[in-house]
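# Descriptive structure summary
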Amino acid sequence: MGSDKFDNITSEQALHMIDNVDNPDIDLSADEVEKFKGAFKDPEFLKLFNEYAEEIADPKNRAEHDQYLRQLEGEGRVEEVYGEGVQMITPKAGFVVKTHKKDNAEGTGGHKVFINICHSEKVEKAESVKADGGSSWSIPFSLSGIRKEKDKNGKDFDTHDFVVADSTYEMCLKRNGFRDFLVETAIENVEKQRYKENFLEREFSTPKMKHKSTTGEPGVLAIRTDKEG
């Protein structure tokens, strides 16, 4: 990487850290965080970061990157490249939720936001938990980063993949009330983790499509499987 601070970090691991620095499913160790912070003081690393960010924003390059991750998974080399306890999930498309950004200081009010409800056998299933006066649902999920895209008229929109367990997805297809709760959970968590409080409209529609993106399919996500607790 051009600095002795990163002798133990491969280029693939560095790019993995870039991809997942804000991913709630990736818990970087204290050592990884310190190395990652220090990386931005290294001109060579910063140059790599900027070039990678520009490249990965291109849908074609993103598709190639996803294909590379799928290849690693197929070869059983995910932990070899990205570290122990990390595995890739390749979500299956489900349905699309469309909402909008509220009027805001950034001037992006009204911009479209699409949340792709996806599913995978590698995500834990939803559970009913006791709550005051009854019970409620706890829905584990994995959330992708924001993808900035443009529609056919050149207008910006954001897309996110919100991934739940296969059984959770099947339940929402059978129970409309649970489906609404799942959508509300998705909007709330996308807002909380990718924007800020009171940023997204709660009114939504469900376009007749399985996945909204330039590539037409969910991207590959990385999750840790060695969490304690």
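Residues numbered from 1 in each chain as written. Predicted model: local features only at pLDDT ≥ 70, side-chain atom pairs only at ≥ 80, totals over all residues. Heavy atoms only, no water.

This brings us to the overall build of the protein. For the protein, the count of helices and strands is seven helices and nine strands. Buried positions account for 41% of the 229 residues belonging to the protein. Taking the intrachain contacts of the protein between residues at least 6 apart in sequence as the baseline, contacts between residues at least 24 apart amount to 66%. For the protein, the accessible surface area stands at approximately 13,000 Å², while carbon and sulfur atoms represent 46% of it. (Helix = DSSP H or I, 4+ residues; strand = E, 2+ residues; numbered from the N terminus. Buried < 20%, exposed > 50% of the residue type's maximum accessible area, 1.4 Å probe, protein only. Contact = heavy atoms within 4.5 Å. Areas by Shrake-Rupley, 256 points an atom, 1.4 Å probe, with all protein chains shown as cover.)

A separate point is the confidence of the model for the protein. Averaged over the protein, the pLDDT score is 78; the fraction of residues at 70 or greater is 71%. Per-residue pLDDT stays below 50 along residues 1–13; that stretch engages in 28 contacts with residues further than four places along the chain or on separate chains. (pLDDT = per-residue confidence, 0-100.)

This paragraph deals with the packing of aromatic side chains. With the rule as written, the count across this model stands at five aromatic pairs. Measuring from ring centre to ring centre gives 5.2 Å for Trp137 and Phe178, while their planes differ by 75°; the resulting arrangement is edge-to-face. Of this pair, Trp137 sits in strand β5 (residues 134–138) while Phe178 sits in helix α7 (residues 176–194), placing them 41 residues apart in sequence. Overall, the relative accessible area of 4% leaves Phe178 in the buried class. A ring pair is formed by Tyr195 and Phe199, whose centres lie 5.2 Å apart and whose planes are at 15°; its orientation type is stacked. Summarising the burial analysis for this pair, Tyr195 and Phe199 share the class buried. The ring of Phe157 has Lys212 sitting right over it, with the charged end atom 5.1 Å from the ring centre. (Phe/Tyr/Trp six-rings, centres within 6.5 Å; stacked < 30°, edge-to-face > 60°. Lys NZ or Arg CZ within 6 Å of the ring centre and 35° of its normal.)

Turning our eyes to something else, we now look at unusual backbone geometry. A positive phi is found at Asn198, a non-glycine position, where the angle reads about 60°. Topologically, Asn198 is positioned in the loop between α7 and β9 (221–224).

On to α7, then. In a regular helix each residue adds 1.5 Å, so 19 residues correspond to 27 Å; α7 covers 26 Å between its end C-alpha atoms and thus fits that length. Looking only at α7, the buried set comprises Phe178, Leu182, Val183, Thr185, Ala186, Ile187, Asn189, Val190, Glu191 and Arg194. Where α7 is buried, its residues contact β2 (92–100), β3 (112–120), β5, β6 (142–143), β8 (156–165) and α6 (166–174). (Expected span 1.5 Å × (residues − 1).)

Turning our attention to the pairing of β3. Along β3, eight of the nine residues are buried, which leaves the element largely enclosed by surrounding structure. Bridge analysis of β2 against β3 gives eight bridges, and the strand direction is antiparallel. In the strand pairing of β3, Ala93 is matched with Cys118. Note that β3 and β8 share nine bridges and pair parallel. Counterpart to Ile115 in the pairing with β8 is His160. (Pairing = 2+ DSSP bridges.)

Turning next to the environment of Ile115. Tracing the chain through its elements places Ile115 in strand β3. In sequence terms Ile115 and Val190 are 75 residues apart; their C-alpha atoms lie 8.1 Å from each other. In contact with Ile115, other than residues within four places in its own chain, are Phe95, Val96, Val97, His160, Phe162, Ala186, Ile187 and Val190.

All chains considered together, the criterion is met by 11 salt bridges. Shared partners join several salt bridges into a network, and the residues in it are Glu75, Arg77 and Glu80. (Salt bridge = Lys/Arg side-chain N within 4 Å of Asp/Glu carboxyl O.)

Another aspect to go through is the nonpolar core. Counting residues in hydrophobic clusters, the biggest one holds 23 residues, and the most contacted among them are Ile115, Ile117 and Phe162. No other element matches α7, which puts six residues into this core. (Core = buried A, V, L, I, M, F, W, Y, C linked by side-chain atoms within 4.5 Å.)

Moving on, we get to α6. Listed in full, the buried residues belonging to α6 are Asp166, Thr168, Tyr169, Met171 and Cys172. Looking at the buried side of α6, the elements it contacts are β2, β3, β5, β8 and α7.

A word on the environment of Glu106. Within the secondary structure, Glu106 sits in the loop between β2 and β3. Given the relative accessible area of 46%, Glu106 is considered partly exposed. If near-sequence neighbours (up to four positions away) are discounted, Glu106 is found in contact with Lys196 and Phe199.

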